[in-house]
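Now for the letters of each chain:
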Amino acid sequence: MTAGKRNTAQLQALDAAHHLHPFTDHRDLGGRGTRIIERASGVYLWDSEGNKLLDGMAGLWCVNIGYGRRELADAAHRQMLELPYYNSFFQCTHPPAVELASAIAEQAPAHMNRVFFTGSGSEANDTVLRMVRRYWDLQGQPQRKTVISRINGYHGSTVAGASLGGMSAMHEQGDLPIPGIVHIPQPYWYGEGGDMDEGEFGLWAARQLEQKILELGVDRVAAFIAEPIQGAGGVIVPPATYWPEIQRIVDQYGILLVVDEVICGFGRTGEWFGSQYYGIRPDLMPIAKGMTSGYLPMGGVIVGDRVASCLIDQGGEFFHGYTYSGHPVAAAVGLENLRILREEGIVDYAREQAAPYLQQKIAALAEHPLVGQVRGVGMLGALELVRDKRTRERFPGKGAAGTLCRDLCIRNGLVMRAVGDTLIMSPPLVIQPQEIDELFDKAWRTLNMAAEELR
Ligand code: PMP
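What counts, and where the lines are drawn
- Residues numbered from 1 in each chain as written.
- Predicted model: local features only at pLDDT ≥ 70, side-chain atom pairs only at ≥ 80, totals over all residues.
- UniProt positions renumbered as here; feature names shortened; annotations may be inferred.
- Helix = DSSP H or I, 4+ residues; strand = E, 2+ residues; numbered from the N terminus.
- Rg over C-alpha atoms; globule rule 2.2 N^0.38 Å.
- Buried ≥ 20, exposed ≤ 12 C-beta atoms within 10 Å, placed from the backbone.
- Near = placed C-beta within 6 Å.
- Nonpolar A, V, L, I, M, F, W, Y, C, P; charged D, E, K, R; others polar.
- Domains from an automatic or database assignment.
- Contact = placed C-beta atoms within 7 Å.
- Pairing = 2+ DSSP bridges.
- Axes fitted to C-alpha atoms, helices over the stretch in contact; angles between N-to-C directions.
- Left-handed = near helix turned anticlockwise from the far one by under 90°.
- Core = buried A, V, L, I, M, F, W, Y, C linked by C-beta atoms within 7 Å.
- pLDDT = per-residue confidence, 0-100.

If you check an unreviewed UniProt entry, the protein chain appears there as Aspartate aminotransferase family protein from Halopseudomonas formosensis. Quoted verbatim from the Cofactor (unreviewed entry) field of UniProt, the annotation for the protein chain is "pyridoxal 5'-phosphate". Regarding the protein chain, the relevant UniProt record gives this comment under Sequence similarities (unreviewed entry): "Belongs to the class-III pyridoxal-phosphate-dependent aminotransferase family."

Student: Can you help me understand the overall build of the protein chain in this one?
Tutor: What the protein chain contains, in helices and strands, is 17 helices and 15 strands. Over its C-alpha atoms the protein chain spans a radius of gyration of 22 Å, differing by no more than 12% from the 23 Å that the globule rule assigns to 455 residues. Projected onto the principal axes, the alpha-carbon positions of the protein chain cover approximately 65 × 60 × 45 Å. Per-residue burial for the protein chain yields a buried fraction of 49% across its 455 residues.

Student: I keep staring at the site of the ligand and nothing clicks. Help me out?
Tutor: What surrounds the ligand is a group of 16 residues, the closest being Ser-120, Gly-121, Ser-122, Gly-156 and Val-262. Broken down by element, the shell around the ligand gets its largest block of residues, three residues, from helix 6 (residues 121–138). For the shell around the ligand, the per-class residue count stands at five nonpolar, nine polar and two charged.

Student: Sorry, what's going on with the domain arrangement of the protein chain here?
Tutor: The extent of an interface is frequently quoted as the accessible surface area lost upon association of the parts. Here the protein chain is partitioned into domain 1 (8–68 + 345–454) and domain 2 (71–343). Summarising the inter-unit geometry, the C-alpha centres of domain 1 and domain 2 are found 26 Å apart. Facing the 27 residues of domain 1 at the interface are 24 residues of domain 2. Those elements that provide at least two residues to the side of domain 1 that touches domain 2 are helix 3 (58–61), helix 15 (346–364), strand 11 (371–377), strand 12 (380–385) and strand 15 (422–425).

Student: Explanation requested: the pairing of strand 10 (residues 299–304) in the structure shown.
Tutor: One face of the sheet, then the other: side chains in a regular strand alternate in exactly this way. Judged by how many residues are buried, strand 10 sits mostly within the fold: six of six residues are covered. Burial along strand 10 is two-sided: Gly-299, Val-301 and Val-303 and Gly-300, Ile-302 and Gly-304, pointing in opposite directions, are all buried. When strand 4 (residues 112–118) meets strand 10, the two strands line up antiparallel, connected through six bridges. Within the sheet, the bridge partner assigned to Val-115 lies in strand 10 and is Ile-302. Pairing between strand 9 (residues 284–287) and strand 10: four bridges, direction antiparallel. The residue of strand 10 that forms the bridge with Leu-284 is Val-303.

Student: Is there a simple way to think about the sheet that holds strand 3 (residues 52–55) in this case?
Tutor: Sheet strands associate in pairs through backbone hydrogen bonding, adopting either a parallel or an antiparallel arrangement. What the four strands build is an open sheet, ordered 1-2-3-13; its pairing is mixed. Both edges of this open sheet fall to strand 1 (37–41) and strand 13 (414–415), since each of them pairs with a single strand only. In this sheet, strand 3 lies alongside strand 2 (residues 44–47) in antiparallel orientation, the contact comprising three bridges. Paired with Leu-45 across the two strands is Leu-53, which belongs to strand 3.

Student: Please clarify how the packing of helix 4 (residues 70–82) against helix 14 (residues 328–343) should be interpreted in this entry.
Tutor: Describing two packed helices takes the angle between their axes plus the distance from one axis to the other. As a packed pair, helix 4 and helix 14 sit with axes 8 Å apart at the nearest point and diverge in direction by 150 degrees. The crossing of helix 4 and helix 14 is right-handed. Listed contacts from helix 14 to Glu-71, Leu-72, Ala-75, Ala-76, Gln-79 and Met-80 of helix 4 are Pro-328, Val-329, Ala-332, Val-333, Glu-336, Asn-337 and Ile-340. In terms of residue class, the contact of helix 4 with helix 14 is built from nine nonpolar, two polar and two charged.

Student: Honestly, the nonpolar core in this entry has me stumped. Any pointers?
Tutor: One finds Val-132, Phe-224, Leu-256 and Cys-405 to be the most contacted residues of the largest nonpolar core, which totals 131 residues. Ranked by residues supplied to this core, first place goes to helix 14 with nine residues. Formed jointly, this core draws a minimum of three residues from each of two domains, domain 1 (8–68 + 345–454) and domain 2 (71–343). Among all residues touching Val-132, those that are not within four sequence positions of it are Val-147, Ala-222, Ala-223 and Leu-256.

Student: In this structure, what is going on with the confidence of the model for the protein chain? I would like to understand it.
Tutor: Any segment with low pLDDT has predicted coordinates that should not be analysed in fine detail. Per-residue confidence for the protein chain gives a mean pLDDT of 96; residues scoring 70 or more make up 99%. Overall fold confidence for the complex sits at a pTM of 0.97, while the interface term, ipTM, reaches 0.99.

Student: How should I be thinking about unusual backbone geometry in this particular structure?
Tutor: If a residue is not glycine, its phi is most likely negative; likewise, a peptide bond is most likely trans. Each neighbour pair has its own omega, and for Leu-176 with Pro-177 the value is 0 degrees, a cis peptide bond. Topologically, Pro-177 is positioned in the loop between helix 8 (168–172) and strand 6 (181–184). With phi around 60 degrees, Trp-61 is a residue other than glycine that occupies positive phi space. As for its placement among the helices and strands, Trp-61 is situated in helix 3. Judged by C-beta crowding, with 25 C-beta atoms within 10 Å, Trp-61 ranks as buried.

Student: Please explain the sheet that holds strand 12 as it appears in this structure.
Tutor: Taken together, the four strands give an open sheet; going across it, the order is 11-12-15-14, and neighbouring strands pair in antiparallel fashion. The outermost strands of the open sheet, each flanked by one partner alone, are strand 11 and strand 14 (417–419). The average undirected angle you get between the axes of adjacent strands in this sheet is 25 degrees. In this structure, strand 12 lies alongside strand 15, joined through four bridges in antiparallel fashion. Within strand 15, the position partnered with Leu-383 by the bridge is Leu-423. Against the sheet, helix 15 contacts strand 11 and strand 12, and its axis sits at roughly 170 degrees relative to strand 11.

Here is the structure:
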């Protein structure tokens, strides 16, 4: 190590020499150099060259309360001095984990009263898989192992997370999914709805679950897992008919419903949880991201009474847990994050003010010649780029148009993410109206520049 501040080129060279990045083609990256983000405040980031960027993605869908909240740093500092680490195994607990579990239970749907802590969203979904199978073992139905999930869903990057997810590129690298996980079509009407109208397609997509249950035999199916709105898959908002039909099916066949709230939880939809937005009744809800607004890594599973009472009353020891389950510093930060979300009415602000305005602005982007469809819920939005609006014909190059726009966005001082040719946004919930205006001015300018280049 050397003293003093390194410049951009030096940091990039060291990064290329020593740092392997998530979801990255390193040969491609090596040629272009990494962007070095140095600091942040509110909804803005600054890179090592002094460029200011509006963060339309809240980091990775996580910085719900915005950057630079001193209270979270203070909470971490206090907790590190008081008790930087202790586990919650072996009959122990500590105040931050207790307080956070109870605060989350208070915010969760009424029938969900317990939290199992993890270090991330992926670990939360590993926990889900083990907990669901344990539940059915305890019910005397150990053959009920199969979890049904969705093509193009995202549930993390560990072996179980990537298997539950339905990303074919991930499955191809390493023989996934593991046995006992099967996938059904996603409720992606714009891309896959064919001639059906949206409502009809939503029912069709939900009934794929019923068909799969019947095909496998109900006595072999443990659970269905899905995101309320697919995030990493491209902010895919299901038709209004979808979730009520899914609820009917899981109720009818008695299988567990797992609603992955890693993105939608903690206010993203304008409700505390996406399940509340859609009025669905999960048995398990994996959470992470907004739980600490990303200030420290933490995840968990909110466990409904049906599963919790079985595990507690009949279960004996559940051989599962992580060194960092309920980490005291992460929990203290999570608790402070929750306090801020509540006391400052941030979820209410998102629902009543920011989201309606954001959605109005997203809807206006549908006018742009490159935009085939806009969609969004709460503080989530997507613009799908097409060459021909009428026929929904795509641009050639499998995502090249999206990547072009993403790069132009950065040049215009805005961070949006591209999933194929879909541009997605998920800004901090605290974004102010004039910052929303700025976001959309930059997005419009980007689309104009892209239209020039794509012509
Ligand atoms: N579930 C969902 C819905 C996610 O969006 C993500 C992350 N984007 C995960 C799980 C995995 O979380 P993590 O990256 O914290 O492991």
